[in-house]
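Inside the fold
Listed here are the chains, written in short residue letters.
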Amino acid sequence: MKKNKIYIAGAGGMLGEAFFNVFRKKYYVKCSDKEPTDKWQSILDFTDYNNYLDDVKNFEADYLVHLGAMTNLEQCESNPNETYLNNTKSVEFATKISNILKIKLVFISTAGIFDGKKDTYIDDDIPNPLCHYAKSKYESEKYIEKNSNEYLICRAGWMMGGGERKDKKFVNNIIKQIKKGNKELNIVSDKNGTPTYTYDFANNVFLMLEKNITGKFNLVCEGLTSRLDVAKEILKYFNLDNKIIINEVESSFFKNEFFVNRPLSERLINKKLNDLSLNIMRDWKLCLKEYLNEEYSNIKL
């Protein structure tokens, strides 16, 4: 049986590492990034259409996964032209490339495209993005749906994974504060969401490709939670819940550092996955514990 090839563009971050480790078990994998972080990545700037096309074509890929994006909301808001080039124009390129080569396109979107006025969102709810980052991702979704011949769009939630080296998100931010010796943590009490463990996400995408699934899907861990609950679980894991005080604050407390408007709720429900009996995403608490066991069990606090 022919072993399929999968090209993963923008694989230098936390999710790219999980995709590489999951898919290489069965596929020939080529991973690229503008600034490679590991030896298994080659150099590619996916905002360069001709180079992008040549690299995917020369690899003779059966699937194209467009993974990378600018994800720092403050950076995106301050640099809109760069944001739409990296997060939208490059996706247009990926769509054209996948159509030319007659291969399926996999695109990673975000829960952040919703405005947070509802508590939870299913796959077919209408997005209303609040900032340039969210708008750039939603514009990509719409372009793919209109122009792609065969696609799979997967929306992630609050990403967990990558460890100290690659995790630029909430979990590692909390752990860095703990390592500094902070005896108090200021945690927002007005932000709700659904975490997404990188390996569960990659494994579920793998399953969907194996089943030849197409369309647009929410893809998050099970269980509705909040930033506050996640922080409490981290402290509990390290047996620090009675040693470190959590100060519950509103998002406005961080308005200078995090000035971009974020949804009050980014909670997604995997309705379409459940309807197809293809939901293998585990509970977020179980995934958080596994992640901490894998990456942080030996750190000195």
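Residues numbered from 1 in each chain as written. Predicted model: local features only at pLDDT ≥ 70, side-chain atom pairs only at ≥ 80, totals over all residues. Heavy atoms only, no water.

Here we take up the nonpolar core. What tends to happen in soluble globular proteins is that the nonpolar side chains get buried as a cluster. Within the largest apolar cluster, 58 residues are counted, with the highest numbers of intra-cluster contacts made by F19, F23, F201, V205, L209 and I234. Membership of the second largest hydrophobic core comes to 20 residues, among which are Y52, F59, L64 and V91. (Core = buried A, V, L, I, M, F, W, Y, C linked by side-chain atoms within 4.5 Å. Buried < 20%, exposed > 50% of the residue type's maximum accessible area, 1.4 Å probe, protein only.)

This part covers the sheet that holds strand 6 (residues 120-121). Taking strand neighbours across the sheet as the criterion, the 4 strands line up as 6-15-10-13 in an open arrangement whose pairing is mixed. Of all strands in the sheet, those with a lone pairing partner are strand 6 and strand 13 (225-226), marking the two edges. Bridge count between strand 6 and strand 15 (residues 265-268): 2 bridges; the pairing is parallel. Residue Y121 lies in a different strand from strand 15, and its bridge partner there is L268. (Pairing = 2+ DSSP bridges. Helix = DSSP H or I, 4+ residues; strand = E, 2+ residues; numbered from the N terminus.)

In a regular helix each residue adds 1.5 Å, so 13 residues correspond to 18 Å; helix 8 (residues 198-210) covers 18 Å between its end C-alpha atoms and thus fits that length. Taken together, the buried positions of helix 8 are T198, D200, F201, A202, N204, V205, F206, M208 and L209. N212 lies just past helix 8 and shows a positive phi near 60 degrees. (Expected span 1.5 Å × (residues − 1).)

With respect to the helices and strands, N192 occurs in strand 10 (residues 192-193). Non-local contacts of N192, meaning those with residues more than four positions away in its chain, are made with D119, W158, T225, S226, L264, S265, E266 and R267. One polar contact links N192 to R267, side chain to side chain, over a distance of 3.5 Å. (Contact = heavy atoms within 4.5 Å. Polar contact = N/O pair within 3.5 Å; in protein donor to acceptor, adjacent residues only side chain to side chain.)

By themselves, these are just geometric observations and shouldn't be taken as functional.
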